[in-house]
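Listed here are the chains, written in short residue letters.
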Amino acid sequence: MRYVSTRGAAPVLDFEETMLTGLARDGGLYVPESWPSLSAETIAGFAGQSYEAVAEAVMRPFIGDAFGEQEFRDILARAYANFGHVARCPLAQIDVNDWVLELHHGPTLAFKDVAMQLIGQLFEAALTRRGQRVTIVGATSGDTGSAAIEAFRGLDAVDVFILYPHGRVSEVQRRQMTTPSEANVHALAVEGDFDDCQALVKAMFNDFAFRDEVGLAAVNSINWARVLAQSVYFFTAAVALGAPARKVSFSVPTGNFGDVFAGYVAKRLGLPVDRLIVATNENDILHRTLRTGSYTRTGVTPTISPSMDIQVSSNFERLLFELYDREGAAVAGLMEELSSKGAFTLSQGAREQLAEEFDSARANEAETSATIARIRRETGQVLDPHTAVGVKAAGDVRGDRATPMITLATAHPAKFPDAVEAACGVRPALPPRMADLYEREERLTVVPNDLGAIESLIRKARAT
Ligand SMILES: *Cc1c(COP(=O)(O)O)cnc(C)c1O
């Protein structure tokens, strides 16, 4: 499989190069040159298979010969060995025909582990074979940074530096970044806010001398390998509830459009999906786009589901590429408009196709809290605020009751204990395997909001 840029003007790459490159040189995102398809028999055969076995079958057509059969099997085994549930991504029932897909059994208790744990192993294998080392730099408002540190800790071919806003992430999030003791991972507390952290990372990537010197790489949510890894759990969940013989619906709490695009990929591969719901919090650019056809940037409102407090949904560009018949120039034009005017309007054809593929709904803060309280009352289960946004949206769009509705549970409630306790009176406890998180020793470096200072720190701290 080869990969092309959504803006049509970057080199065509294979899977491994696409994964190691991240953002295309023309500013676009890499997508597969064509969509493979899985037959109904193949999908039916996933019933009763392990998560890893389904992952192997779903991802194989996209990987080509980048990794050998046994090599990829070993990589998958290592990636998911640290999950706290043998099913990796189990389902839990919350109503007569409604379910949550628990994606939070990985080491940092959020769904990003599902893809990031795999990326860590894929990077290590590819770089070791090439005899290369890279330096991964990322900015985080919480979840992505800890998932990256957990995925890359102790690996030989990678140094990781995560920039987070000093004093502005939750204690659980900070401790998850600062307590791993391996020498190749570094938590940098920047004296600034999240935007400052992002601007610093961007500036490092634009400092080509530095970029080449340290072999800078990124694993943010636009990395194709992450999206692909996320499409796997749509298959395992759907098959557990009767697919492909019957259709299922998904509600996906999203901000960057990454996870819900992974659902679209599953559908393109042949999974019979009835409704695919884009669930947003008050930062509802995606919901507004589906309703009005106009993609308009506004300010970010802080919410109790902070991992979805996003102004620009970077992965939406991948869908635009499909909506505009894979014409890179058209996508480049829209993106140009977005950066100059802060908005663009979809063509009539694109809008109709969008409405055919997706539904959407939004949950405000009160509705999110009320959903946590209701599910706790009705089932005894405690949802995190991101998941609650999805459950609320599922209820709004719920059509046919006979079709199973699956909401993606993107975080464990213990990751957001204050909001959960305020909503339902229960303070969720950390799972036993990380109960000592609050006692572990922290290791972090406070750094000024200064590019030169951070670059020189990275030069010195990385292994050579
Ligand atoms: C990152 C994140 C999301 C949103 O993911 P997208 O890539 O924007 O779809 C939702 N919930 C949690 C807990 C997250 O960490």
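See the structure printed just above.
Because the structure is a prediction, the values reported are computed rather than measured.

Engineer: Sorry, what's going on with the sheet that holds strand E1 (residues 2-5) here?
Structural biologist: Sheet strands pair via backbone hydrogen bonds, and the direction of the pair is either parallel or antiparallel. On the basis of which strands lie adjacent, the open sheet formed by three strands has the order E2-E1-E3 and antiparallel pairing. One side of each edge strand has no neighbouring strand; the edge strands of this open sheet are strand E2 (13-14) and strand E3 (30-32). The pairing of E1 with E2 spans two bridges and is antiparallel. Bridging from a neighbouring strand, Tyr3 pairs with Leu13 of E2.

Engineer: What should I look at first to understand the pairing of strand E6 (residues 134-139) in this one?
Structural biologist: It is a general feature of regular strands that their side chains alternate between the two faces of the sheet. With five of six residues buried, E6 lies mostly within the body of the structure. Bridge count between E6 and strand E7 (residues 158-165): six bridges; the pairing is parallel. Looking at E7, one finds that Ile136 is bridged to Val160. Read from E6 through helix H6 (residues 143-152) to E7, the crossover connection turns out right-handed. With two bridges joining them, E6 and strand E9 (residues 216-217) adopt parallel strand pairing. Within the sheet, the bridge partner assigned to Ile136 lies in E9 and is Ala217.

Engineer: Sorry, what's going on with the site of the ligand here?
Structural biologist: Near the ligand lie 15 residues; those nearest to it are Lys112, Asp143, Thr254, Asn256 and Thr410. The side chain of Thr254 places a nitrogen or oxygen atom 2.6 Å from an oxygen atom of the ligand. Here the ligand loses 97% of its free accessible area of 380 Å² to cover by the protein chains. For the shell around the ligand, a count of residues per class yields five nonpolar, seven polar and three charged.

Rules and cut-offs
- Residues numbered from 1 in each chain as written.
- Predicted model: local features only at pLDDT ≥ 70, side-chain atom pairs only at ≥ 80, totals over all residues.
- Heavy atoms only, no water.
- Pairing = 2+ DSSP bridges.
- Helix = DSSP H or I, 4+ residues; strand = E, 2+ residues; numbered from the N terminus.
- Buried < 20%, exposed > 50% of the residue type's maximum accessible area, 1.4 Å probe, protein only.
- Right-handed = clockwise from strand over helix to strand, strands pointing away.
- Near = heavy atom within 4 Å.
- Polar contact = N/O pair within 3.5 Å; in protein donor to acceptor, adjacent residues only side chain to side chain.
- Areas by Shrake-Rupley, 256 points an atom, 1.4 Å probe, with all protein chains shown as cover.
- Nonpolar A, V, L, I, M, F, W, Y, C, P; charged D, E, K, R; others polar.

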